[in-house]
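# Descriptive structure summary
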Amino acid sequence: MSTVMNHPSVSDAMRRRSRLFMVAAFAVAAVAFIVIAAGGINKNLVYYWTPTDLHAAGDKAYGATIRLGGMVAPGSIKKLPGMSSLEFDVKDTGGVVHVKSAGVPPQMFRENIGVVVEGTMVRDGYFKCNRLMVSHNNEYRAPKNGHPVDKKQMEQYIKDAQ
Amino acid sequence: MTSSLGRLLILLSLLVSTTGAVLGYAAGWKKSADGLKWARRFAFTFSLLMIGATLVMEYALISHDFSVGYVAQVGSRDVPLWVTLVSLWSSLEGSILFWGFILAAYIAGATWLTRNEHIEYMPYAIGTWLFSGSFFSFLIAGPASPFQTVANPPMDGPGPNPLLQNHVLMAIHPPFLYLGYVGMTIPFGFATAALLRGRLGQSFLRPLRNSLLLPWIFLTIAIMLGGWWAYEVLGWGGYWAWDPVENASLLPWLTATAALHSALVMERRGSLKGWTVTLVQASFLLTILGTFMTRSGVFNSVHSFTQSSIGPTILVFLAVILIGSVTLLALRIDSLESDSRFEGPLSREGFFLINNLLFVLFTFTVLIGTVFPLVVEALKGKQMSVGRPYFDSMVVPIGAVLLFILGVGPALPWGRASKEQAKRALLPPLIGATIVAGIGLALGVRNPWTIITLAFGGYAAQVTLGQMWLPVVQRIRRGDSAGHAIIDSQLVRGRRRFGSYLIHAGAVIVIVAIAVSSTMRTQQEVRLNRGESATVGGYTFTFTGTDVKQEPHRTSTLAHFDVTKNGRQVAQLAPRMNQYAAMRDPLGTPDVHTTLKGDIYLSIMNIEGDAVGVNVILTPMVGWIWWAVLLMGAGGIVALIPGSRAVALQARSESPVIQGDEVGAN
């Protein structure tokens, strides 16, 4: 262990006590950090869901940040009066979710295309979209009817769309 | 033919590096000078073989030899030469070969520079480097195999990912990132050598510190280039999204920065040796973890992960290194005993300690947020990510306190400071803090965190400039001429010190610019017909029309905008929508007008006939980040160049306890 060359007067017992104190302080700080970090993560989780997952989640969907991936249902796009707000349905094999979006839609936005909408379910029964993303990935193909959404691919194409 | 030659070189480099690693460790164990000589020869041979293999691949790419697997995957006859050259790192298999190439260059350089020194440590260091070399040789020979022969070579290939071709920064960013990442192998080797030898003498600090500083410089610039690229290309107007790929590059930077600071305490006070070594080991581990996360495809696609065994192989390597490092640290950390005692929190080393704890906290914050989704997915099969607010809310306070420490620490003397001393050092910079925060308030800053950051930034700026100025004043008082005093104190003798304060100055500007640019941003989506205009943040944007530009590999539609303020023209911007041959969907490229005050950023959402939907983003100070990071890099280079002071320092540092001198050589 360390030798004390310039402070021979400091006793070993005192040093042991101060070291114990340091270790205890460190442990307390570490626990506090873990609690804060875990709380922070828990509050800010972003779920990657399909319409099926969203329906299965029930009440959990209200207020949670969700990236909802699916296909724009044919015939569901309604441009609302005003600059750029629109409504449409996102669907997969197991369900349909009604989405309201306020932003300018990206160039590729159209019926039957794979989209990811980020936002949350509101109590009025629709999905409030803050961000609408369409594939920029040449490898991505919108899920065909009868096929589930490949979520890993969805994740990738969210990243490309950013 | 070419692919066989490449495979042969890789197999030989696997053989040479494995043998060299065993030889190195054996030479260290037996303290054999001959063994060390042979280990060095093996290191140089490995480097030659690996660099040769990379040149073979470049030759195959340039000559469009589609019988080589990797060329068939990313090559194309239609792309410009520079794209062909950088195709080496455009895809997974090639980028691992590129890793091998850079590792080879680093190993050769480090072995050459230490040829006459540190003979008690070098066998272990070379052994460790070659161990890493043998792993990457194995990865290239087996799981990645870019040199695989294609039985029926195609006439032409698809070319690299269009995102790579979209901006020239994508050609510069990866090499810098790799130079930063791979370079961490060298200090890792030195630290492992110190642990294996059970001693870390003062003379060995210099190679440890310098070998850490060089990759740190590259990594610092690489992180900035990545952010700049995202800003210039991706069209959402930001430079950092806490994406796993970004986090992977930040994590080793954080621990390496902490290690550079604790190495200073180690040099001055002889303490924190085990801690510094731990941080160096952690930096290397985090580069491997980062490679696993970004290169194995765990975050991208389940397919690339299951199809290739690269990911699992890297994971095994990571586990081996982690277990090895922890075991070694547990067994040997006590032998790197500290020579001096911690004297009190109100001292420079006290603040170094706080700095280190904060960097570690920062690292854990980012690490947990990045790895958590992976763990949940592995355990529960559910997919999620940790949202930006988590990172922002955790990192902003840590960053603010770090900036505070950056100001207070250098103002305090080494050893225990008396109350009087502390007052004299800590009170004057409050003027700087008040001035900068006042300017911010006058210009409309209202976010409390931004105001705090500005105040801390002003404080730190005054301390940093004061510390840079101090040795000049001291020399002038001693009777030197002003010019001589400046040159002598900053560039000849105090070069390391001057370099570190340049880095600090850059860091202060970066943190302030990040705070201002992320909280003072104006963003608005507008839809305009031709001839119409909209006003955002005092600027008037007039859409004057579109035109189409044809290039060999893409067709671009440009939307032209006139930007005016109070009737005076400020800029003409032309964001574009690009259609690549290899891609079904169009890809936008924003256009940016950068001024000292801030950026005007236009990004097209969609174009329909005569109407355009465009995202207008006004961000103050964002351009400051890029050049201030370059200033940090320049400071690093200044600190790295050996000065006459370094020699003096080395001689002096052989004595066990070092007392601080009046100026401090840092």
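Calculation notes
Residues numbered from 1 in each chain as written. Chains lettered and ligands numbered in written order. Predicted model: local features only at pLDDT ≥ 70, side-chain atom pairs only at ≥ 80, totals over all residues. Heavy atoms only, no water. Helix = DSSP H or I, 4+ residues; strand = E, 2+ residues; numbered from the N terminus. Buried < 20%, exposed > 50% of the residue type's maximum accessible area, 1.4 Å probe, protein only. Contact = heavy atoms within 4.5 Å. Axes fitted to C-alpha atoms, helices over the stretch in contact; angles between N-to-C directions. Left-handed = near helix turned anticlockwise from the far one by under 90°. Nonpolar A, V, L, I, M, F, W, Y, C, P; charged D, E, K, R; others polar. Pairing = 2+ DSSP bridges. Phe/Tyr/Trp six-rings, centres within 6.5 Å; stacked < 30°, edge-to-face > 60°. Lys NZ or Arg CZ within 6 Å of the ring centre and 35° of its normal. Salt bridge = Lys/Arg side-chain N within 4 Å of Asp/Glu carboxyl O. Expected span 1.5 Å × (residues − 1). Lys, Arg positive; Asp, Glu negative; His and termini not counted. Domains from an automatic or database assignment. Patch = residues over 30% accessible without salt bridge, like charges linked within 9 Å, V, L, I, M, F, W, Y side chains within 5 Å. Areas by Shrake-Rupley, 256 points an atom, 1.4 Å probe, with all protein chains shown as cover. pLDDT = per-residue confidence, 0-100. Polar contact = N/O pair within 3.5 Å; in protein donor to acceptor, adjacent residues only side chain to side chain.

## A few points about the overall build of chain A
If you tally the helices and strands in chain A, you get three helices and seven strands. For chain A, the succession of helices and strands along the chain, N to C, is α-β-α-β-β-β-β-β-β-α. The burial tally for chain A puts 45% of its 162 residues in the buried class. Taking contacts inside chain A between residues at least 6 apart in sequence as the whole, the part at least 24 apart equals 51%.

## Digging into the packing of helix 2 (residues 33-62) of chain B against helix 5 (residues 92-113) of chain B
Residues and elements named next belong to chain B. Close contact between helix 2 and helix 5 brings their axes to 8 Å; oriented N to C, the two are set at 145°. Classified by chirality, the crossing of helix 5 by helix 2 is left-handed. Taken together, the residues of helix 5 that come into contact with helix 2 (itself represented by Arg 40, Ala 43, Phe 44, Phe 46, Ser 47, Met 50, Ile 51, Ala 53, Thr 54 and Met 57) are Leu 97, Gly 100, Phe 101, Ala 104, Ala 105, Ile 107, Ala 108, Thr 111 and Trp 112. When the residues that make up the contact of helix 2 with helix 5 are grouped by side-chain class, the tally is 14 nonpolar, four polar and one charged.

## Observations concerning the pairing of strand 3 (residues 533-536) of chain B
Residue and element names in this part refer to chain B. Every second residue of strand 3 is oriented toward a common face, the buried set being Ala 534 and Val 536 and the non-buried set Ser 533 and Thr 535. Here strand 3 pairs with strand 4 (residues 539-551) via four bridges, running antiparallel. Residue pairing for strand 4: Val 536 is matched across the bridge by Tyr 539.

## Section: the sheet that holds strand 10 (residues 598-608) of chain B
Residue and element names in this part refer to chain B. With antiparallel pairing, the four strands of this open sheet are ordered in space as 2-11-10-9. With one partner strand each, in any of the chains shown, strand 2 (522-529) and strand 9 (591-594) form the two edges of the open sheet. Strand-to-strand twist across the sheet, computed as the mean angle between neighbouring axes with direction ignored, equals 20°. Alignment of strand 10 against strand 11 (residues 611-620), held across ten bridges, turns out to be antiparallel. Residue Ile 607 lies in a different strand from strand 11, and its bridge partner there is Val 612.

## Describing the packing of aromatic side chains
Applying the stated criterion across every chain, the model contains 31 aromatic pairs over all chains. Both rings, one in B:Tyr231 and one in B:Tyr601, keep their centres 4.8 Å apart while their planes meet at 50°; by these two values the pair is tilted. Within this pair, whereas B:Tyr231 is found in helix 10 (residues 205-233), its partner B:Tyr601 is found in strand 10, the two being separated by 370 residues in sequence. For the pair formed by B:Tyr231 and B:Tyr601, the shared burial category is buried. Between B:Phe543 and B:Phe561, the ring centres sit 5.4 Å apart and the planes meet at 35°, which makes this aromatic pair tilted. Of the two residues, B:Phe543 sits in strand 4 while B:Phe561 sits in strand 5 (residues 554-565), which places them 18 residues apart along the sequence. Note on accessibility: B:Phe543 and B:Phe561 belong to one class, buried. Ring-pair connections join several aromatic residues into one group, and the members of that group are B:Trp89, B:Phe98, B:Trp99, B:Phe101, B:Phe131, B:Phe135, B:Phe136, B:Tyr178, B:Tyr181 and B:Phe317. Above the ring of A:Tyr62, the side-chain terminus of A:Arg123 is found at 4.1 Å from the ring centroid.

## Examining the pattern of salt bridges
Residues and elements named next belong to chain B. With the rule as written, the count across this model stands at eleven salt bridges over all chains. For the salt bridge of Asp 34 with Lys 37, the shortest nitrogen-to-oxygen distance reads 3.9 Å. Of the two residues, Asp 34 and Lys 37 are both situated in helix 2; the distance of three residues between them amounts to about one turn of the helix. Here Asp 34 falls in the exposed class, since its relative accessible area comes to 52%.

## Remarks on the packing of helix 1 (residues 12-43) of chain A against helix 15 (residues 348-380) of chain B
It is at 11 Å that the axes of helix 1 of chain A and helix 15 of chain B come closest, and there the two elements cross at 35°. As helix 1 of chain A packs across helix 15 of chain B, the resulting crossing turns out to be right-handed. Contacts between helix 1 of chain A and helix 15 of chain B involve A:Phe26, A:Phe33, A:Ala37 and A:Ile41 from the first element and B:Leu357, B:Leu361, B:Phe364, B:Thr365, B:Ile368, B:Gly369 and B:Phe372 from the second. Its residues assigned to classes, the contact of helix 1 of chain A with helix 15 of chain B comprises nine nonpolar, two polar and no charged.

## Some details on the pairing of strand 1 (residues 45-49) of chain A
Judged by how many residues are buried, strand 1 of chain A sits mostly within the fold: five of five residues are covered. Residues A:Leu45, A:Tyr47 and A:Trp49 point to one face of strand 1 of chain A and A:Val46 and A:Tyr48 to the other, with burial holding for every one of them. For strand 1 of chain A and strand 1 (residues 384-386) of chain B, the ladder comprises three bridges, and the chain directions are antiparallel. Within strand 1 of chain B, the residue paired with A:Tyr47 across the bridge is B:Met384. As judged from the four bridges shared by strand 1 of chain A and strand 2 (residues 65-72) of chain A, these two strands associate in the parallel manner. Bridging across to strand 2 of chain A, A:Val46 finds its partner in A:Thr65.

## What to know about helix 1 (residues 2-30) of chain B
With 29 residues, helix 1 of chain B extends 42 Å between its outermost C-alpha atoms, agreeing within 8% with the 42 Å of an ideal straight helix rising 1.5 Å per residue. Remark: B:Lys31 follows helix 1 of chain B within two positions and exhibits a positive phi of approximately 55°.

## A closer look at the side chain of B:Asp65
Residues and elements named next belong to chain B. Along the chain, the position of Asp 65 falls in the loop between helix 2 and helix 3 (69-74). For Asp 65, which is buried and forms no salt bridge, the nearest opposite charge comes from Arg 77, at a distance of 8.3 Å. In contact with Asp 65, not counting residues within four places along its chain, are Thr 2, Ala 60 and Val 71.

## Re the environment of A:Arg16
Looking at the secondary structure, you find A:Arg16 in helix 1. Expressed as a C-alpha distance, the spacing of A:Arg16 and A:Gly39, which sit 23 residues apart in the sequence, is 35 Å.

## Side note on the domain arrangement of chain B
When the parts of a complex come together, some accessible area is lost, and that lost area is often taken as the interface size. Splitting chain B by domain gives domain 1 (1-165), domain 2 (391-519 + 623-653) and domain 3 (522-620). For domain 1 of chain B and domain 2 of chain B, the distance between their C-alpha centres works out to 41 Å.

## So, a nonpolar patch on the surface
All names here are of chain B. Judged by side-chain polarity, Met 1, Leu 5, Leu 8, Leu 12 and Leu 15 come together as a nonpolar surface patch covering roughly 520 Å² of accessible area. With respect to the secondary-structure elements, Met 1 resides in the segment before helix 1. Judged by relative accessible area, which is 75%, Met 1 ranks as exposed.

## Some remarks on the confidence of the model for chain B
Residues and elements named next belong to chain B. Of the residues in chain B, 91% reach a pLDDT of 70 or more, and the chain-wide mean stands at 87. This model gives residues 300-306 a pLDDT under 50, and the stretch forms 15 contacts once residues within four places in sequence are excluded. Here residues 645-666 is a poorly scored stretch, pLDDT under 50, and it has 39 contacts once near neighbours within four places are set aside; other chains count. Of the two predicted TM-score estimates for the complex, the pTM is 0.88 and the ipTM is 0.73.

## Overview of the side chain of B:Ser211
Residues and elements named next belong to chain B. Positionally, Ser 211 belongs in helix 10. Separated by 2.8 Å, the side chain of Ser 211 and the backbone oxygen of Pro 207 make a polar contact. At a separation of 3.0 Å, a polar atom in the side chain of Ser 211 contacts the main-chain carbonyl oxygen of Leu 208. Beyond its immediate chain neighbours, meaning those up to four positions away, Ser 211 contacts Gly 183, Ile 186, Pro 187 and Phe 190.

## Here's the deal with unusual backbone geometry
The backbone of B:Lys31 sits at a positive phi, close to 55°, despite the residue not being glycine. Look at B:Leu272: it is not a glycine, yet its phi comes out positive at around 65°.

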